[in-house]
Amino acid sequence: RGKRIAVPATSANLGPGFDALGLALGLYNTCEFRPSNDKEIFEENLKENLIYQAYKYSFDFYKEKQVPVSFDLEADIPVSRGLGSSAACIVMGIMAAFDIMGRDFDKKEILKIATSIEGHPDNVAPAIFGGAVVSILENNQVYLEKIAISDKFKFLALIPDFRLSTKEARGALPETYPKADAVFNISRVAMLVLALESGDENNLKIALQDKIHQPCRFKLIPEIGKIEEIIRDSRALGSYLSGAGSTIMLVLKKDDQISEKEIREKLGKLSKTYDLKALEIDKK
Ligand code: HSE
């Protein structure tokens, strides 16, 4: 028997916190891995499979001799929907490599490697640490704080049946921003972290606004106007594009039962198919 690893889905940005904030969710990719003698299959998987690539990257990072490995993946996180499926695979590969190299499971060390593969820390950090996280990687040093999200809120993922590539969604963003947009986002990120902790609904609503990535990315989502209308008419406290999309995350009051049913009915009338999934926060 091999060893098992489970890594949670994540929802990055949380509106204004582009490349900085992320949240781990109760939806998982799980794998069983074991050292393998079949070097050929290992090499073959390395060409396309992110788990194997992250595994190999970790051995190279520490200049250790490769040990071929095989992974059996059970993937519950939908791909290219802004729910951190790539981050989960990267973290999985690194964790397996740490296990086989016999290294301590130092989470900050794992985060450092994962961020250098993914390029931004906001999915891999909550995937490793659980809960909601603010993370900064600067000069190879990881800085991290956890946000204690109030239990007055719950999260509902509106998952479209179409994919959005992170590369394309990052390519849609401008290189520079006006000072007013920077100020707009700075004030909201600060407010968001505090409102998530305090449970203040009014502050949460305004704090989820963003001018850095959502305005450009919403244009990549078909029927966005109709979806926004449904969200506006629902009793959602706020919503944001999860990661680079295509999932839209709704924040609701914990005890709100009706919104979910209403939203589901209205989504059923649109031309694309949308899955609505209530997701718990993974607190590790
Ligand atoms: N912060 C990243 C982005 C998350 O918005 O592009 C997606 O991987």
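Quick summary incoming for the structure in this document. These numbers were taken from a predicted model, which means no experiment stands behind them.

## As for the overall build of the protein chain
Looking only at helices and strands, the protein chain has 11 helices and 9 strands in total. What you see for the protein chain is a C-alpha radius of gyration of 19 Å, in line with the 19 Å of a compact globule of 284 residues. If one aligns the C-alpha atoms of the protein chain with their principal axes, the spans along those axes are about 60 × 40 × 35 Å. Buried residues in the protein chain amount to 52% of all 284 residues. Considering only residue pairs separated by 6 or more positions, the protein chain has 72% of its internal contacts joining residues 24 or more positions apart. Carbon and sulfur atoms provide 50% of the accessible area of the protein chain, an area that totals close to 13900 Å². Averaging the coordinates of the 39 positive side-chain charges in the protein chain and doing the same for the 41 negative ones gives two points 2 Å apart.

## A closer look at helix α11 (residues 258-267)
Listing the buried residues of α11 in full gives Ser259, Glu260, Ile263 and Leu267. The arc that holds every buried residue of α11, seen down its axis, measures 95°, which confines them to one face. At its buried positions, α11 is contacted by β6 (153-160), α10 (224-233), β8 (248-253) and β9 (274-279).

## With respect to the site of the ligand
With respect to spatial proximity, the complete set of residues near the ligand consists of Ala12, Asn13, Phe18, Asp19, His120, Asp122, Asn123, Thr166, Arg170, Arg217, Gly243 and Ala244. Within the side chain of His120, an N or O atom sits 3.4 Å from an oxygen atom of the ligand. Separating an oxygen atom of the ligand from a side-chain N or O atom of Asn123 is a distance of 3.3 Å. When the ligand is considered free in solution it has 260 Å² of accessible area, and contact with the protein chains removes 95% of it.

## Points about the pattern of salt bridges
For the structure shown, the criterion picks out 13 salt bridges. Among the ionic pairs, Asp256 bridges to Arg235, the shortest N-O distance being 3.1 Å. You can see Asp256 sitting in the loop between β8 and α11 and its partner Arg235 sitting in the loop between α10 and β7 (238-241), a full 21 residues away along the chain. For Asp256, a relative accessible area of 7% corresponds to the buried category. Classification of Arg235 by relative accessible area gives partly exposed; the value is 44%. Arg264 is paired through a salt bridge with Glu260; the nearest N and O atoms lie 3.4 Å apart. In this pair, Arg264 and Glu260 both sit in helix α11, 4 residues apart, roughly one turn of the helix. It is possible to trace a salt-bridge network through shared partners that takes in Arg4, Glu32, Arg34, Asp72 and Glu74.

## Focus: the nonpolar core
Counting 64 residues, the largest nonpolar core has Phe71 and Leu204 as the members making the most contacts within it. The leading source of residues in this core is helix α3 (residues 85-101), at 12 residues. Excluding its chain neighbours within four sequence positions, the residues that come into contact with Phe71 are Cys31, Glu32, Phe33, Ile51, Tyr52, Tyr55, Met92, Gly93 and Ala96. Within the second largest apolar cluster, 20 residues are counted, among which are Leu156, Phe162, Ile221 and Leu276.

## Considering α3
Between the first and last C-alpha of α3 there are 24 Å, a value that for 17 residues agrees with the 24 Å anticipated at 1.5 Å per step. Most of α3 is tucked away, with 14 of its 17 residues classed as buried. Backbone geometry just after α3 places Gly102 at a positive phi near 75°.

## Details of the side chain of Ser259
Assignment of secondary structure puts Ser259 in helix α11. In contact with Ser259, other than residues within four places in its own chain, are Arg235, Ala236 and Leu252.

## Topic: unusual backbone geometry
For residues besides glycine, phi is generally negative; the peptide bonds are generally trans as well. With an omega of 15°, the peptide bond running from Gly245 to Ser246 counts as cis. Turning to its location among the elements, Ser246 is positioned in the loop between β7 and β8. Here Asp19, not a glycine, exhibits a phi torsion of approximately 65°, which is positive. Looking at the secondary structure, you find Asp19 in the loop between β1 (3-12) and β2 (21-35). One non-glycine residue, Asn139, adopts positive backbone phi at about 50°. You can see Asn139 is positioned in the loop between β4 (132-138) and β5 (141-147).

Scoring rules and cut-offs
Residues numbered from 1 in each chain as written. Predicted model: local features only at pLDDT ≥ 70, side-chain atom pairs only at ≥ 80, totals over all residues. Heavy atoms only, no water. Helix = DSSP H or I, 4+ residues; strand = E, 2+ residues; numbered from the N terminus. Rg over C-alpha atoms; globule rule 2.2 N^0.38 Å. Buried < 20%, exposed > 50% of the residue type's maximum accessible area, 1.4 Å probe, protein only. Contact = heavy atoms within 4.5 Å. Areas by Shrake-Rupley, 256 points an atom, 1.4 Å probe, with all protein chains shown as cover. Lys, Arg positive; Asp, Glu negative; His and termini not counted. Charge placed at Lys NZ, Arg CZ, Asp CG, Glu CD. Arc of directions from axis to C-beta. Near = heavy atom within 4 Å. Polar contact = N/O pair within 3.5 Å; in protein donor to acceptor, adjacent residues only side chain to side chain. Salt bridge = Lys/Arg side-chain N within 4 Å of Asp/Glu carboxyl O. Core = buried A, V, L, I, M, F, W, Y, C linked by side-chain atoms within 4.5 Å. Expected span 1.5 Å × (residues − 1).

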